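Residue-level structural notes
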Amino acid sequence: MHIAWFKRDLRIWDNEAFTNACKSQYVMPLYIIEPDLWKQDDLSYRQYVFLRDCLKDLNRELEKIGQRLIIKTGDALEIFNDINSQYGIKEIWSHQETWNYWTYKRDLKLKDWFKLNNIKWNEVTQNGVVRGLKNRDGWSKEWQKRMNILPYEPPKKIKDHKFNSETIPLPKQLSLNNDGIEIFQKGGRSEGLELLKSFLNKRGKNYSKEMSSPLTAYRSSSRLSTHIAFGTLSIKEIIQQTTNRKKEIQKLSNVEKNNWPRSISTFSSRLRWHCHFIQKLEDEPDIEFKNMHSSYNKLRNESDYDFFFESWKKGLTGYPMVDACMRSLIRTGWLNFRMRAMLMSFASYHLWLPWQITSKYLASLFTDYEPGIHYAQSQMQSGTTGINAIRIYNPIKQGIDHDPDGVFIKKWLPELRNVPKKYIHKPWEDIDYIKEYNPPIVEELEARKAAASKIYKLRKEKSHKIESSKVYIKHGSRKARIKKVKKQIKIKKVEIQKNLF
DNA sequence: ACTTAATTCGC
DNA sequence: CGAATTAAG
């Protein structure tokens, strides 16, 4: 018997593993719910609720071709052992999963066990992430090649062998309790396709301008991340549809074009980043815990840990934009990219908290949590990669720029509803309202300068530079480097011209 | 791979 | 004087 093992990725459309598994007459489409995985700090109730929708949806899709999804709850190895002794497993098909450290370790354990039991485990590619990569040279070309492959089609019909399935456990049965979410994202392929369609044809028009503000981003950004993370849409099909839409836009008149060309190109570049980031975790699974650059290991051990962490977690830092973003994230499970970066930056620089603890908390709040993107971004936002520029967000400036009238702030912070516009980003300056809201837990400018000086001091050291080039070879974007080199050539040319006159 | 603040540009 | 560019915290 063959098993099509649906991992986190639940697709049946554009799923090479499933398509191949179906070539055998005896196929079990299997999904394993692993209680130990759901005990990890980065997983949560909101993600599980989304997953349940997806599982139900996948089952409906499978019923159309005469099959059912076989759900099992428990330890993966024990489950495979049971199935093997009952039916005898010949081959297992799944995609190459790049997920968190727990799933990585599980796969290593399973690999040995499969080998011992003469079970062939076929792991096929699913996106642009390349397994066993030595360094980043040529990665971009490989990515492009993969993205051009036509989607895989499942067969029209497969035989149902009446394998025993269990019901999907309730969140409570996995000790998952509501973590404060009130506005849920709905899982399932039809939901995802609908979002993609409305984004490419309507909502995305001003994406490039409106992605940064939490007031406009909910409508103007794709919000496809959760569907990509759970595989109800594949990154490949999104890229292909975006390319088609791009061609369509090129044919429009200038008036009709409007802001579309710029928005589509901004969106496309973000689609490229997706695999670029996950590749980092594929190449180095310990960046979930360890600084990408070891020079930063001695940093961040002297902050007022518990108090700062607790205040930040609850949205009680005294900075309206930070608190509004955190409280909205708790209740909706989604936040636009820039505001996520601001939350991380504030925790890592102003509060000087280690990203290892804050990133786990954020992961659990994001319904669209994708480890590869999450830890690479967390480290970048905390300045521990050694290859990226230090970017410290000023929460006051972000508020003024992206929520000038305080509409977003007032929506999520009821205690500030009566604060006049003049003081909404600095309520501590208004004596009338100072009692209603937490005073700032750190002084913005002071905290930012202190963080910057510590980081820059470290960056000047020789040992830092040596390791940076190593990190770059492993993880750095070659495209960004080409841009930098071109810029330097341009500067030199200008200098030469100056000297001539 | 999308900050901030200072400085220069351009009308 | 605001927009664009660029150096740097």
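Use the structure listed above.
All of these numbers come straight from a predicted model, not from anything done at the bench. (Residues numbered from 1 in each chain as written. Chains lettered and ligands numbered in written order. Predicted model: local features only at pLDDT ≥ 70, side-chain atom pairs only at ≥ 80, totals over all residues. Heavy atoms only, no water.)

Considering the overall build of chain A
The secondary structure content of chain A amounts to 23 helices and five strands. Its C-alpha radius of gyration of 24 Å places chain A within 12% of the 23 Å reference for a compact globule of 501 residues. For the C-alpha atoms alone, the extent of chain A along its principal axes is close to 70 × 65 × 55 Å. Going through the 501 residues of chain A one by one, you find that 55% of them count as buried. Relative to all contacts within chain A whose residues are 6 or more apart in sequence, the contacts with residues 24 or more apart total 80%. By element, 53% of the accessible surface of chain A is carried by carbon and sulfur atoms, the whole surface being about 24,400 Å². Taking the average place of the 89 positive charges on the side chains of chain A and the average place of its 58 negative ones, the gap between the two points comes to 8 Å. (Helix = DSSP H or I, 4+ residues; strand = E, 2+ residues; numbered from the N terminus. Rg over C-alpha atoms; globule rule 2.2 N^0.38 Å. Buried < 20%, exposed > 50% of the residue type's maximum accessible area, 1.4 Å probe, protein only. Contact = heavy atoms within 4.5 Å. Areas by Shrake-Rupley, 256 points an atom, 1.4 Å probe, with all protein chains shown as cover. Lys, Arg positive; Asp, Glu negative; His and termini not counted. Charge placed at Lys NZ, Arg CZ, Asp CG, Glu CD.)

Structural notes on the side chain of Thr 266
Among the secondary structure elements, Thr 266 is positioned in helix α13 (residues 260–283). Looking at Thr 266, the relative accessible area reads 13%, which means it is buried.

Considerations on the sheet that holds strand β1 (residues 2–6)
Judged by pairing direction, the sheet is parallel, and its five strands sit side by side in the order β3-β2-β1-β4-β5 without closing on themselves. With one partner strand each, in any of the chains shown, β3 (70–73) and β5 (120–124) form the two edges of the open sheet. Neighbour-to-neighbour, the strand axes of the sheet open up by a mean angle of 30 degrees, direction not taken into account. As judged from the five bridges shared by β1 and strand β2 (residues 27–33), these two strands associate in the parallel manner. By the bridge assignment for β2, Ala 4 is matched with Pro 29. Across the sheet, helix α3 (residues 45–64) touches β1 and β2, and the angle it forms with β2 is around 170 degrees. (Pairing = 2+ DSSP bridges. Axes fitted to C-alpha atoms, helices over the stretch in contact; angles between N-to-C directions.)

Here's the deal with empty space enclosed by the protein
Tallying each qualifying case throughout the model produces six cavities of 30 Å³ or more. Every residue lining the largest cavity is counted, 19 residues in all, and those nearest its centre are Arg 8, Tyr 31, Leu 37, Trp 38 and Trp 99. Here the residues of the lining of the largest cavity sort into 12 nonpolar, two polar and five charged. A volume near 140 Å³ is recorded for the second largest cavity. Along the walls of the second largest cavity sit 16 residues, with Asp 9, Gln 126, Asn 127, Ile 228 and His 274 positioned nearest its centre. Sorting the residues of the lining of the second largest cavity by element identifies α10 (225–229) and α13 as the ones contributing at least two each. Residues of the lining of the second largest cavity, tallied by class, amount to six nonpolar, six polar and four charged. (1 Å grid on protein atoms, 1.4 Å probe; cavity = no way out; pocket = protein on both sides within 12 Å on 5 of 7 lines; lining within 4 Å. Points joined across faces, edges and corners; volume = space filled by probe spheres on them. Nonpolar A, V, L, I, M, F, W, Y, C, P; charged D, E, K, R; others polar.)

So, the protein's contact with DNA strand C
Residues in close proximity to DNA strand C include Ile 390, Lys 449 and Tyr 456, which together make up its full environment. Of all DNA strand C atoms lying within 4 Å of any protein atom, the proportion belonging to sugar or phosphate reaches 8%. In this structure, a base nitrogen belonging to DNA strand C sits 2.9 Å away from a side-chain N or O atom of Tyr 456. (Near = heavy atom within 4 Å. Polar contact = N/O pair within 3.5 Å; in protein donor to acceptor, adjacent residues only side chain to side chain.)

Notes on unusual backbone geometry
Phi is positive for Asn 118, close to 55 degrees, though the residue is something other than glycine. Following the sequence through the fold, Asn 118 ends up in the loop between α5 (101–116) and β5. On the basis of relative accessibility, which here comes to 69%, the residue Asn 118 falls in the exposed class. The residue Arg 223 is not glycine, and still its phi comes out positive at about 55 degrees. Relative to the helices and strands, Arg 223 is located in the loop between α9 (217–220) and α10. For Arg 223, a relative accessible area of 17% translates into the label buried.

Observations concerning the packing of helix α6 (residues 139–147) against α13
Helices that pack against each other are described as a pair by the angle of their axes relative to one another and the distance between those axes. In contact at an axis separation of 11 Å, α6 and α13 are set at 120 degrees when each is read in the N-to-C sense. As the angle between them shows, α6 and α13 are arranged oblique. Here α6 and α13 pass one another in a crossing that is right-handed. Here Trp 139, Ser 140, Trp 143, Gln 144 and Met 147 of α6 lie close against α13, whose contacting residues are Leu 271, Arg 272, Cys 275, His 276 and Gln 279. (Parallel < 35°, antiparallel > 145°, perpendicular 65-115°, else oblique. Left-handed = near helix turned anticlockwise from the far one by under 90°.)

Describing the nonpolar core
Phe 6, Phe 18, Ile 33, Trp 38, Trp 312 and Leu 343 are the most contacted members of the largest nonpolar core, which has 78 residues in total. For this core, the element with the most residues is α3, which contributes nine residues. Among all residues touching Ile 33, those that are not within four sequence positions of it are Trp 38, Tyr 48, Leu 55, Ile 71, Lys 72, Thr 73, Gly 74, Ile 168, Pro 169 and Leu 174. Grouped together as the second largest cluster of nonpolar side chains are 24 residues, Trp 143, Tyr 207, Leu 224 and Leu 271 included. (Core = buried A, V, L, I, M, F, W, Y, C linked by side-chain atoms within 4.5 Å.)

Describing the environment of Pro 440
Mapped onto the elements of the fold, Pro 440 is located in the loop between α20 (407–412) and α21 (444–459). Given a relative accessible area of 25%, Pro 440 falls into the partly exposed group. In sequence terms Pro 440 and Leu 176 are 264 residues apart; their C-alpha atoms lie 33 Å from each other. Apart from the residues lying within four places of it in its own chain, the contact partners of Pro 440 are Thr 317, Gly 318, Tyr 319 and Trp 428.

Considering the pattern of salt bridges
Per the counting criterion, the structure on display carries 33 salt bridges. The salt bridge involving Lys 7 is made with Glu 97; its shortest N-O contact spans 3.1 Å. Placement of Lys 7 in the loop between β1 and α1 (16–21) and of Glu 97 in the loop between β4 (91–95) and α5 is noted, with a sequence separation of 90 residues between them. Assessed through its relative accessible area of 8%, Glu 97 is described here as buried. (Salt bridge = Lys/Arg side-chain N within 4 Å of Asp/Glu carboxyl O.)

Examining the state of the cysteines
In the structure shown here, the tally under the stated rule is zero disulfides. Cys 54 takes part in no disulfide bond, and the closest cysteine sulfur, belonging to Cys 275, lies 19 Å away. (Disulfide = S-S within 2.5 Å.)

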